[in-house]
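So you can see what is in the structure, the chains are spelled out below.
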Amino acid sequence: MCNYKVNVLMVCLGNICRSPLAEGILKSKLDPSRYLVSSAGTANYHKGKLPDSRSIAVARKNGVDITDQKAAQFIKADFRKYDHIFVMDVENYKNVLALATTKQDKDKVSLILDEISKGEYLEVPDPYYGGDSGFEHVYSLLDAACKSIAIRI
Ligand code: 4NP
(Lines give C-alpha, C1' and ligand atoms only; values in the text may rest on other atoms or scores of the structure.)
Protein backbone atom coordinates (compact mmCIF):
# COMPACT_ATOMS: atom_id res chain seq x y z
CA MET A 1 0.00 0.00 0.00
CA CYS A 2 1.22 3.50 -0.79
CA ASN A 3 1.01 6.05 2.05
CA TYR A 4 2.03 9.01 -0.08
CA LYS A 5 -0.47 11.86 -0.14
CA VAL A 6 -0.76 14.23 -3.09
CA ASN A 7 -0.03 17.70 -1.70
CA VAL A 8 -1.94 20.66 -3.14
CA LEU A 9 -1.39 24.34 -2.32
CA MET A 10 -3.78 27.22 -3.11
CA VAL A 11 -2.17 30.68 -3.30
CA CYS A 12 -3.52 34.26 -3.30
CA LEU A 13 -2.15 37.56 -1.95
CA GLY A 14 -3.25 37.74 1.68
CA ASN A 15 -4.38 34.14 2.33
CA ILE A 16 -7.53 35.39 4.02
CA CYS A 17 -10.13 35.63 1.19
CA ARG A 18 -9.63 33.53 -1.97
CA SER A 19 -7.11 30.77 -1.20
CA PRO A 20 -8.77 29.75 2.12
CA LEU A 21 -12.00 29.26 0.14
CA ALA A 22 -10.13 27.28 -2.53
CA GLU A 23 -8.55 25.12 0.20
CA GLY A 24 -11.87 24.44 1.92
CA ILE A 25 -13.74 23.73 -1.31
CA LEU A 26 -11.13 21.34 -2.71
CA LYS A 27 -10.79 19.55 0.66
CA SER A 28 -14.55 18.99 0.67
CA LYS A 29 -14.26 17.16 -2.68
CA LEU A 30 -11.25 14.91 -1.94
CA ASP A 31 -10.45 11.93 0.26
CA PRO A 32 -8.30 13.31 3.14
CA SER A 33 -6.46 10.01 3.44
CA ARG A 34 -5.03 10.53 -0.05
CA TYR A 35 -4.76 14.30 -0.42
CA LEU A 36 -3.36 17.13 1.68
CA VAL A 37 -4.72 20.55 0.72
CA SER A 38 -3.41 23.81 2.16
CA SER A 39 -3.16 27.50 1.26
CA ALA A 40 -0.80 30.46 1.51
CA GLY A 41 -0.43 34.11 0.52
CA THR A 42 2.46 35.74 -1.31
CA ALA A 43 2.28 38.62 1.21
CA ASN A 44 2.61 38.33 4.98
CA TYR A 45 0.13 41.08 5.97
CA HIS A 46 -2.27 38.69 7.64
CA LYS A 47 0.01 35.88 8.88
CA GLY A 48 -1.65 33.83 11.66
CA LYS A 49 -5.13 35.32 11.12
CA LEU A 50 -8.39 33.50 10.51
CA PRO A 51 -9.95 33.79 7.04
CA ASP A 52 -11.95 36.99 6.37
CA SER A 53 -15.41 36.79 7.97
CA ARG A 54 -17.02 37.14 4.51
CA SER A 55 -15.13 34.07 3.24
CA ILE A 56 -16.13 32.16 6.37
CA ALA A 57 -19.78 33.16 5.79
CA VAL A 58 -19.98 32.20 2.10
CA ALA A 59 -18.22 28.90 2.80
CA ARG A 60 -20.60 28.13 5.67
CA LYS A 61 -23.60 28.94 3.47
CA ASN A 62 -22.33 26.24 1.10
CA GLY A 63 -21.66 23.69 3.83
CA VAL A 64 -17.88 24.19 4.03
CA ASP A 65 -16.15 25.05 7.32
CA ILE A 66 -12.91 27.04 6.95
CA THR A 67 -12.58 28.24 10.56
CA ASP A 68 -9.69 25.85 11.26
CA GLN A 69 -7.40 27.81 8.91
CA LYS A 70 -4.66 30.33 9.78
CA ALA A 71 -3.00 32.56 7.19
CA ALA A 72 0.57 31.67 6.17
CA GLN A 73 3.04 33.12 3.70
CA PHE A 74 4.21 31.23 0.61
CA ILE A 75 7.90 30.31 0.95
CA LYS A 76 10.48 28.77 -1.36
CA ALA A 77 10.43 25.46 0.55
CA ASP A 78 6.78 25.04 -0.52
CA PHE A 79 8.05 23.97 -3.95
CA ARG A 80 9.51 20.87 -2.32
CA LYS A 81 6.46 20.16 -0.16
CA TYR A 82 3.70 20.51 -2.78
CA ASP A 83 2.96 18.61 -5.99
CA HIS A 84 0.50 21.17 -7.39
CA ILE A 85 0.37 24.92 -6.72
CA PHE A 86 -2.77 26.72 -7.92
CA VAL A 87 -2.62 30.50 -8.01
CA MET A 88 -5.59 32.91 -8.08
CA ASP A 89 -4.28 35.66 -10.37
CA VAL A 90 -1.48 36.67 -12.71
CA GLU A 91 0.25 39.01 -10.25
CA ASN A 92 0.57 36.26 -7.64
CA TYR A 93 1.47 33.72 -10.32
CA LYS A 94 4.46 35.94 -11.17
CA ASN A 95 5.35 36.32 -7.49
CA VAL A 96 5.32 32.56 -6.96
CA LEU A 97 7.34 31.87 -10.12
CA ALA A 98 9.92 34.45 -9.01
CA LEU A 99 10.77 32.10 -6.11
CA ALA A 100 11.10 29.00 -8.32
CA THR A 101 14.61 27.72 -8.97
CA THR A 102 14.07 24.71 -11.23
CA LYS A 103 11.86 23.76 -14.16
CA GLN A 104 10.28 21.15 -11.88
CA ASP A 105 9.28 23.96 -9.47
CA LYS A 106 7.78 26.02 -12.32
CA ASP A 107 5.86 23.08 -13.76
CA LYS A 108 3.95 22.70 -10.48
CA VAL A 109 2.43 26.18 -10.77
CA SER A 110 -0.73 27.10 -12.68
CA LEU A 111 -3.52 29.65 -12.67
CA ILE A 112 -6.48 27.93 -11.01
CA LEU A 113 -8.98 29.14 -13.62
CA ASP A 114 -6.94 27.40 -16.33
CA GLU A 115 -8.83 24.36 -15.03
CA ILE A 116 -12.02 25.65 -16.59
CA SER A 117 -10.74 28.00 -19.31
CA LYS A 118 -7.33 26.83 -20.49
CA GLY A 119 -5.07 29.50 -21.99
CA GLU A 120 -7.37 32.45 -21.32
CA TYR A 121 -5.39 33.68 -18.28
CA LEU A 122 -8.60 34.26 -16.34
CA GLU A 123 -8.21 35.46 -12.76
CA VAL A 124 -10.16 34.97 -9.55
CA PRO A 125 -10.90 38.64 -8.71
CA ASP A 126 -9.69 39.98 -5.37
CA PRO A 127 -12.90 40.47 -3.35
CA TYR A 128 -11.24 42.17 -0.32
CA TYR A 129 -12.38 45.75 -0.96
CA GLY A 130 -15.81 44.84 -2.33
CA GLY A 131 -19.08 43.59 -0.87
CA ASP A 132 -20.58 40.17 -0.18
CA SER A 133 -21.52 39.60 -3.84
CA GLY A 134 -17.81 39.50 -4.73
CA PHE A 135 -17.36 36.63 -2.31
CA GLU A 136 -20.32 34.76 -3.82
CA HIS A 137 -18.77 35.18 -7.27
CA VAL A 138 -15.36 33.98 -6.04
CA TYR A 139 -17.03 30.96 -4.42
CA SER A 140 -18.75 29.91 -7.64
CA LEU A 141 -15.58 30.30 -9.74
CA LEU A 142 -13.56 28.26 -7.24
CA ASP A 143 -16.23 25.61 -6.90
CA ALA A 144 -16.20 25.05 -10.68
CA ALA A 145 -12.39 24.96 -10.82
CA CYS A 146 -12.15 22.59 -7.83
CA LYS A 147 -14.71 20.22 -9.37
CA SER A 148 -12.39 19.87 -12.36
CA ILE A 149 -9.26 19.53 -10.18
CA ALA A 150 -10.89 16.85 -8.03
CA ILE A 151 -11.75 14.77 -11.09
CA ARG A 152 -8.34 14.83 -12.71
CA ILE A 153 -5.85 15.09 -9.86
P1 4NP B 1 -6.78 37.52 -0.76
O2 4NP B 1 -7.43 39.00 -0.57
O3 4NP B 1 -5.49 37.72 -1.50
O4 4NP B 1 -7.80 36.82 -1.56
O5 4NP B 1 -6.59 36.97 0.64
C6 4NP B 1 -6.75 40.06 0.01
C7 4NP B 1 -6.70 40.18 1.37
C8 4NP B 1 -6.07 41.26 1.95
C9 4NP B 1 -5.48 42.23 1.15
C10 4NP B 1 -5.54 42.10 -0.23
C11 4NP B 1 -6.16 41.02 -0.80
N12 4NP B 1 -4.86 43.34 1.74
O13 4NP B 1 -4.43 44.25 1.00
O14 4NP B 1 -4.75 43.41 2.97
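Residues numbered from 1 in each chain as written. Predicted model: local features only at pLDDT ≥ 70, side-chain atom pairs only at ≥ 80, totals over all residues. Heavy atoms only, no water.

A word on helix α6 (residues 132–152)
Here α6 contains 21 residues, and its C-alpha end-to-end distance of 31 Å stays within 8% of the 30 Å for a straight helix at 1.5 Å per residue. Those residues of α6 that sit buried are F135, V138, Y139, L141, L142, D143, A145, C146 and I149. Along its buried surface, α6 packs onto β1 (6–12), α1 (18–29), α2 (53–61) and β3 (84–87). (Helix = DSSP H or I, 4+ residues; strand = E, 2+ residues; numbered from the N terminus. Expected span 1.5 Å × (residues − 1). Buried < 20%, exposed > 50% of the residue type's maximum accessible area, 1.4 Å probe, protein only. Contact = heavy atoms within 4.5 Å.)

Topic: the state of the cysteines
Evaluated as defined, the whole model comprises zero disulfides. Not part of a disulfide, C17 finds its nearest cysteine sulfur in C12, a span of 7.0 Å. Looking at the unpaired C146, the closest cysteine sulfur is the one in C12, lying at 13 Å. Its relative accessible area of 0% is what places C146 among the buried residues. (Disulfide = S-S within 2.5 Å.)

Topic: the nonpolar core
Counting residues in each nonpolar core, the largest one holds 31 residues, and the members touching the most others are M10, L21, L26, M88, I112, V124 and L142. With eight residues, the single largest contributor to this core is α6. Non-local contacts of I112, meaning those with residues more than four positions away in its chain, are made with M10, A22, F86, V87, M88, V124, L142, A145 and I149. Counting 11 residues, the second-largest nonpolar core is a separate cluster that includes A40, F79, V87 and V109. (Core = buried A, V, L, I, M, F, W, Y, C linked by side-chain atoms within 4.5 Å.)

Section: the side chain of D89
When you line up the elements, D89 lands in the loop between β3 and α4 (90–97). Excluding anything up to four places from it in sequence, D89 contacts R18, L111, E123 and V124.

Quick word on the site of the ligand
Taken together, C12, L13, G14, N15, I16, C17, R18, Y45, H46, D126, Y128 and Y129 form the complete shell of residues around the ligand. Contacts to the ligand include L13, whose backbone N or O atom sits 2.9 Å from an oxygen atom. Separating an oxygen atom of the ligand from a side-chain N or O atom of Y129 is a distance of 3.5 Å. Its residues placed into classes, the shell around the ligand shows seven nonpolar, three polar and two charged. (Near = heavy atom within 4 Å. Polar contact = N/O pair within 3.5 Å; in protein donor to acceptor, adjacent residues only side chain to side chain. Nonpolar A, V, L, I, M, F, W, Y, C, P; charged D, E, K, R; others polar.)

Some words on the packing of aromatic side chains
Under the criterion given, the structure shown has two aromatic pairs. Taking the centre distance of 5.3 Å and the plane angle of 85° together, the rings of F74 and F79 count as edge-to-face. Across the pair, exposure class does not vary: F74 and F79 are buried alike. Considering the side-chain rings of Y128 and Y129, the 4.8 Å spacing of their centres and the 75° angle between planes classify their relative orientation as edge-to-face. By relative accessible area, which is 29% here, Y128 ends up partly exposed. (Phe/Tyr/Trp six-rings, centres within 6.5 Å; stacked < 30°, edge-to-face > 60°.)

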